[in-house]
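# Analysis of the macromolecular model
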Amino acid sequence: MEKEKISGIQLFLLLLGFLFGSTVILGPAMGAKNDAWLAIILGGATGVLLMQVYVAISLLNPSKALVDILREKMGKVAGNIIAILYIWYFIHLASLVLRDFGEFICTVTFPETPMVVVIAIFAFILVYAVNSGIEVLGRLGELLVPIIPLVTLIISLSIITVRDFTAFLPVLENGMSPVLKAAFNFVTFPFGETIAFLMLFPHLNKKDKLKNVVFLSAVTSTIVVIIVFFRDIIVLGSDLMSRSTFTPHLSSLLIPGLNIEPLIDINLLIGGGIKISVCIYAAARALSQITGIDDYRKLTGAIATFCVVLSIWGFGNVLELFIWSEKVWPYYSFPFQIAIPLLLLLLSLIKKGKSPNAGTKK
Amino acid sequence: MAIVLAVFAVLIFYDLKEFIRKKEPARVFVIYFLFMAASLAVSLLLAAGRRPSSPAQWIEALLKMIGVMQ
Amino acid sequence: MMHRKGKKRTGIKLTAFLLVLPLLLTGCWNNRDLNEINIVAGMGVERTEGGKILLTVQVVEPAAIQSTSSGKGKGGSSQPKPVFVESCEGETVFEAVRGMLSVIDKKLFLSTAQILIIGENLSRDGIGEILDFFQRDHEIDYSMEVLVANGATPREILEVETDMDAIPAVYIKGTVENTISRGTVKKTMLIDLIKDMGSRGRQLAIGQISKTGENEIRTEGTAVFKNGKLVGWLGPYETRGYLFATNKVKSAIVNVPADKGKIAMEIMRSKGKINVTFKNGKPAALTVKVKVYANVGGYEGRGKLDPDHLIKLEQSLAEEVKKEILMALEKSQKQYSSDIFGFGTNVHKYHPMYWKNAEKNWDVIFSMLPADVRVDARIMRTGISKSPVKKDE
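Residues numbered from 1 in each chain as written. Chains lettered and ligands numbered in written order. Predicted model: local features only at pLDDT ≥ 70, side-chain atom pairs only at ≥ 80, totals over all residues. Heavy atoms only, no water.

### Description of the overall build of chain B
Scanning chain B for helices and strands turns up three helices and zero strands. Counting from the amino terminus, chain B carries its helices and strands in the arrangement α-α-α. Against the globule reference of 11 Å for 70 residues, chain B gives a C-alpha radius of gyration of 17 Å, more extended than a compact globule. Along the first, second and third principal axes, the C-alpha atoms of chain B reach 55 × 30 × 10 Å. Burial analysis of chain B (70 residues in total) assigns 29% to the buried set. Restricting to contacts in chain B with at least 6 residues of sequence separation, those with at least 24 account for 50%. Treating the 8 positive side-chain charges of chain B as one cloud and the 4 negative ones as another, the clouds have centres 4 Å apart. (Helix = DSSP H or I, 4+ residues; strand = E, 2+ residues; numbered from the N terminus. Rg over C-alpha atoms; globule rule 2.2 N^0.38 Å. Buried < 20%, exposed > 50% of the residue type's maximum accessible area, 1.4 Å probe, protein only. Contact = heavy atoms within 4.5 Å. Lys, Arg positive; Asp, Glu negative; His and termini not counted. Charge placed at Lys NZ, Arg CZ, Asp CG, Glu CD.)

Pasting the structure below:
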């Protein structure tokens, strides 16, 4: 049993912050250009379903985190190997988000600050947050995450004067396949990434709330992303939108009379910060469970250091990062986000049927 | 280069002090140094201006090998 | 004992923390104070005869502005000028921006630039390449006004010294902003250009600026581009027709001939909509629908205002607006074959299938299509006078 507990609303906000993560600066599903809204709806719906799969896994294995579930359902050896792969995946995810963050800040806000400095300082703060424990993270989410939709709303309302409401036309100019592709990308980024939350679900104080909390957060984030998309396309037009590196930032620049682009930075700090913290937490936690170390806090420093190095190591430049995220990430994530969880769900259902009280120690 | 070494020295010194004080089991040290050594090695290579091929590229190559991507 | 030790540790930690705090006070990595930068108010880009980019900047001297505004009228030729203008050549815009540092002392701060004046030669060669710098650089304000210089180089325009405002760039920006209440120059923000640059459905049209006197400039008319290259100009009235059609007129004065003299009508509101009508899967006509609401502003002639007359007046106002729109259409279709109105965008949105094949030679298709312009005019108020000052003879 987990000693630390977070409430339903805290989990909801943490999930929301996680889902916004780097989506708030990248604008997902842009591959579909004008039809991105369609891709967002499709991907959002699939994402909601996928997250319910994670919920089902967690509910079928009450008060067990991902590593325990893996070991129990797949046997100790296979379970451990897959768990180690997951740890790698979480670390990699954290490093990708760190890199997104670094690229954004270094492109937009501090162009002459070396990226590694930006990333390292950010990571340092996040290690502190993670070491403070999941309850603190939960409260942090409660305090900060509501700012993200608020800022989005402020920006959207401020530029409502610059308008071309038919900009999203024509519908399906290039057929369905780019839409489906973008929808798949949107499922794997960000919805599938919430697999990391399988390490957090056991902390929820009321299990019966889990389903609704997860459902609501997925739906809310889809709605916000759609709003952001329509705002961006109305303001920028599809051509410029697909050309720009950080779309929401560009539209925030167009607010007449005042300059509130730092608000986008704040969004990223909050969303990205929560996402990275959750990933580092999940990785450290999983690693400590596998190796039988009593406290995950001993490993956060090392893992975070590795994340920072990996984020710099990973890509030569921002274009490599974007192309990789768009082309490779969905396929790379597929086993972690979809295949293994589905397998786990299946195994959980079978074992549940066999012996309802099957419980192992640890 | 010197800065990288200095940063790592400070980090490791700080953590080790805690570990030794609390008399941690050996596996903590092993895992800790696994991560730190990997980070340090890569950082030194990066600082020297020689970027080793990254995990992102390995994964891409792997996926291409399996045939998921073209 | 333990307790005291703990306290001591907190003390050390606190001191360390407090010592680290001042590090944050140094601010950004590349922090530059106000007196270490040159505040740019306006920029101009032109192509030299050698094919290089000639960048001109107008830089504000904050100290001088202070003294001119307080010490005005006292005469005194020792007053420093509030702005100075410098030029520098380079192969690219960015090189010119940096090269500027060889003639001026401090780094240029571009975020404050309010106008960008593009020279005629450069415009004729194409502005696509230089726009990329302005799109990419993180310091550029996307809402800066862009104008094309006609008959003068950007440097000549930026060197204008006006009495109306200490900073000429602000003065120029002001005259462009007035376009809302006169409708004879196209207000173009940088972002509009960036948006339409890559589009085939709408060609670029940028406001025009010319020098009318030693220290006077005039922003009137529109520069028409085709595929990023300047092809010609629209006069003030054609510009207004163009703006009526594209729904960009907020207010304007239109003169309507009356039986004896002229009546100045003040357009209070105007709504314009363009469309392309299709017949059998092919574009049949360009339609422009404009609705204007006007007040009678001045009656310079003889006669009386009565209901019958008002209806006639409405018709002739509509006729007048229609004439201007047709003038603009005629010129952009026949003379320049450049779709500055954005009819192509309309086709793209509502007939994507047709657009796919037509996109390449839309210019040709556009210039062949007949135009159908419908203007509906309403007169709302006639002012506080029933009949003109002059009496019938």
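From this point, the narrative continues.
### A look at the overall build of chain A
Counting secondary structure elements, chain A contains 15 helices and zero strands. Relative to the compact-globule value of 21 Å for 362 residues, chain A shows a C-alpha radius of gyration of 20 Å, a close match. Seen through its C-alpha atoms, chain A measures out along the principal axes to roughly 60 × 40 × 35 Å. Residues counted as buried form 62% of the 362 residues belonging to chain A. Considering only contacts in chain A between residues 6 or more positions apart, those separated by 24 or more positions represent 84%. Counting only carbon and sulfur atoms, one obtains 70% of the accessible surface of chain A, whose full area is about 13,300 Å². Side-chain charges of chain A comprise 27 positive and 22 negative groups, with the mean position of each set lying 13 Å from the other. (Areas by Shrake-Rupley, 256 points an atom, 1.4 Å probe, with all protein chains shown as cover.)

### Overview of helix α3 (residues 55-66) of chain B
Residues spaced three or four apart along an α-helix point in a common direction, a consequence of the helix completing one turn every 3.6 residues. All names here are of chain B. The end-to-end C-alpha distance of α3 is 16 Å, a good match for the 16 Å that twelve residues give at a rise of 1.5 Å each. Buried within α3 are the following residues: Pro-55, Ala-56, Ile-59 and Leu-63. Viewed along the axis of α3, the buried residues span an arc of 105 degrees, placing them on a single side of the element. The first or second residue beyond α3 is Gly-67, which carries a positive phi of 100 degrees. (Expected span 1.5 Å × (residues − 1). Arc of directions from axis to C-beta.)

### So, the arrangement of the chains
The chain pair with the greatest number of contacts, out of two pairs of chains in contact, is formed by chains A and B. Without any contact between them, chain B and chain C keep their closest C-alpha atoms 14 Å apart.

### Observations concerning the interface of chain B and chain A
Contacts between the two partners involve 27 residues from chain B, matched on the other side by 25 residues from chain A. With both sides pooled, the region where chain B packs onto chain A buries about 2,300 Å², and carbon together with sulfur makes up 78% of that total. Among the salt bridges present, the one from Glu-24 of chain B reaches Lys-298 of chain A, with a minimum N-O distance of 2.9 Å. There are nine residue pairs in polar contact (both at pLDDT 80 or more) connecting chain B and chain A. Elements represented by at least two residues in the side of chain B that touches chain A include exactly α1 (2-22), α2 (26-47) and α3 of chain B. Each residue belonging to the side of chain B that touches chain A can be placed in one class, and the counts come to 19 nonpolar, four polar and four charged. (Buried area = accessible area lost by both parts, 1.4 Å probe. Salt bridge = Lys/Arg side-chain N within 4 Å of Asp/Glu carboxyl O. Polar contact = N/O pair within 3.5 Å; in protein donor to acceptor, adjacent residues only side chain to side chain. Nonpolar A, V, L, I, M, F, W, Y, C, P; charged D, E, K, R; others polar.)

### Digging into the interface of chain C and chain A
Every contact between the two is made by 18 residues of chain C and, on the other side, 23 residues of chain A. With both sides pooled, the region where chain C packs onto chain A buries about 1,800 Å², and carbon together with sulfur makes up 58% of that total. At the boundary of chain C with chain A, the tally comes to zero salt bridges. On inspection of chain C and its partner chain A, the count reaches one residue pair in polar contact (both at pLDDT 80 or more). When residues of the side of chain C that touches chain A are traced back to their parent elements, those giving at least two are α8 (190-197), α11 (343-350) and α12 (352-358) of chain C. When its residues are assigned to classes, the side of chain C that touches chain A shows eight nonpolar, six polar and four charged.

### Digging into a nonpolar patch on the surface
Residues and elements named next belong to chain A. A cluster of nonpolar side chains, contributed by Leu-42, Val-171, Leu-172, Met-176 and Leu-180, occupies part of the molecular surface with about 380 Å² of accessible area. Looking at the element boundaries, Leu-172 is found in the loop between α8 (147-158) and α9 (177-188). By relative accessible area, Leu-172 is classed as partly exposed at 31%. (Patch = residues over 30% accessible without salt bridge, like charges linked within 9 Å, V, L, I, M, F, W, Y side chains within 5 Å.)

### Thoughts on the nonpolar core
Phe-90 and Ile-303 of chain A together with Met-43 and Phe-134 of chain C are the most contacted members of the largest nonpolar core, which totals 194 residues. Sort the elements by how many residues they give to this core and helix α5 (residues 76-109) of chain A lands first, with 17 residues. Setting aside residues no more than four positions away along its own chain, Ile-303 of chain A makes contact with Ile-91, Ile-280, Ala-283, Ala-284 and Leu-287 of chain A together with Phe-35 of chain B. Counting 46 residues, the second-largest nonpolar core is a separate cluster that includes Val-290, Leu-329, Tyr-354 and Leu-369 of chain C. (Core = buried A, V, L, I, M, F, W, Y, C linked by side-chain atoms within 4.5 Å.)

### Section: the environment of Lys-323 of chain C
In this structure, Lys-323 of chain C sits in helix α10 (residues 307-335). Along the backbone, Lys-323 of chain C and Gly-241 of chain C are 82 residues apart, and their C-alpha atoms lie at a distance of 7.8 Å.

### Describing the packing of α1 of chain B against α2 of chain B
In a packed pair of helices, the relevant descriptors are the angle between the two axes and the axis-to-axis distance. Residue and element names in this part refer to chain B. Relative orientation of the contacting elements α1 and α2 amounts to 175 degrees, with a least axis distance of 11 Å. Relative to α2, the element α1 is oriented roughly antiparallel. In contact with Val-4, Leu-5, Phe-8, Leu-11, Ile-12, Asp-15, Leu-16, Phe-19 and Ile-20 of α1, α2 contributes Val-28, Phe-29, Tyr-32, Phe-33, Met-36, Ser-39, Leu-40, Ser-43, Leu-44 and Ala-47. (Axes fitted to C-alpha atoms, helices over the stretch in contact; angles between N-to-C directions. Parallel < 35°, antiparallel > 145°, perpendicular 65-115°, else oblique.)

### Considerations on the packing of aromatic side chains
Scanning all chains against the criterion turns up 35 aromatic pairs over all chains. Ring geometry for Phe-19 of chain B versus Tyr-32 of chain B: centroids 5.2 Å apart, planes at 90 degrees, classification edge-to-face. One end of the pair, Phe-19 of chain B, is in helix α1; the other, Tyr-32 of chain B, is in helix α2, with 13 residues separating them in the sequence. Judged by its relative accessible area of 4%, Phe-19 of chain B is buried. A network of ring pairs unites the aromatic residues Tyr-86, Tyr-89, Phe-90, Phe-315, Trp-324, Trp-329, Tyr-332 and Phe-336 of chain A as a single cluster. One residue, Lys-275 of chain A, lies across the ring of Phe-18 of chain A, its end atom 5.4 Å from the ring centre. Here Arg-269 of chain C stacks its cationic end above the ring of Tyr-293 of chain C, 4.6 Å away from the centre of that ring. (Phe/Tyr/Trp six-rings, centres within 6.5 Å; stacked < 30°, edge-to-face > 60°. Lys NZ or Arg CZ within 6 Å of the ring centre and 35° of its normal.)

### Details of the packing of helix α13 (residues 297-314) of chain A against α2 of chain B
Taken N-terminus to C-terminus, the directions of α13 of chain A and α2 of chain B make an angle of 20 degrees; their axes are 9 Å apart at the nearest point. With respect to their mutual orientation, α13 of chain A and α2 of chain B come out roughly parallel. Two packed elements cross with a definite hand, and for α13 of chain A against α2 of chain B that hand is left-handed. Residues Lys-298, Leu-299, Ala-302, Ile-303, Thr-305, Phe-306, Val-309, Ile-312 and Trp-313 of chain A of α13 of chain A pack against Val-28, Ile-31, Tyr-32, Phe-35, Met-36, Ala-38, Ser-39, Val-42, Ser-43 and Leu-46 of chain B of α2 of chain B. (Left-handed = near helix turned anticlockwise from the far one by under 90°.)

### A closer look at the confidence of the model for chain A
Taken over all residues, the pLDDT of chain A has a mean of 86, while the share at 70 or more is 95%. Contacts for the low-pLDDT stretch residues 358-362 of chain A, under 50 throughout, to residues beyond four places or in other chains number three contacts. (pLDDT = per-residue confidence, 0-100.)

### A look at the side chain of Gln-52 of chain A
All names here are of chain A. For Gln-52, the position within the fold is in helix α3 (residues 36-60). Relative accessible area serves as the criterion here: at 18%, Gln-52 is assigned to the buried category. What Gln-52 contacts, discounting residues up to four positions off in sequence, is Lys-211, Val-214 and Phe-215.

### Side note on the pattern of salt bridges
Residues and elements named next belong to chain C. Scanning all chains against the criterion turns up 24 salt bridges over all chains. We note a salt bridge from Arg-155 to Glu-159, for which the minimum N-O separation is 2.9 Å. The closest approach of N and O atoms between Asp-196 and Arg-202, which form a salt bridge, is 3.3 Å. Given the relative accessible area of 24%, Arg-202 is considered partly exposed.

### A short note on the environment of Ile-276 of chain A
By secondary structure assignment, the location of Ile-276 of chain A is in helix α12 (residues 262-291). Excluding its chain neighbours within four sequence positions, the residues that come into contact with Ile-276 of chain A are Ala-94, Val-97, Leu-98, Phe-122 and Leu-126 of chain A.

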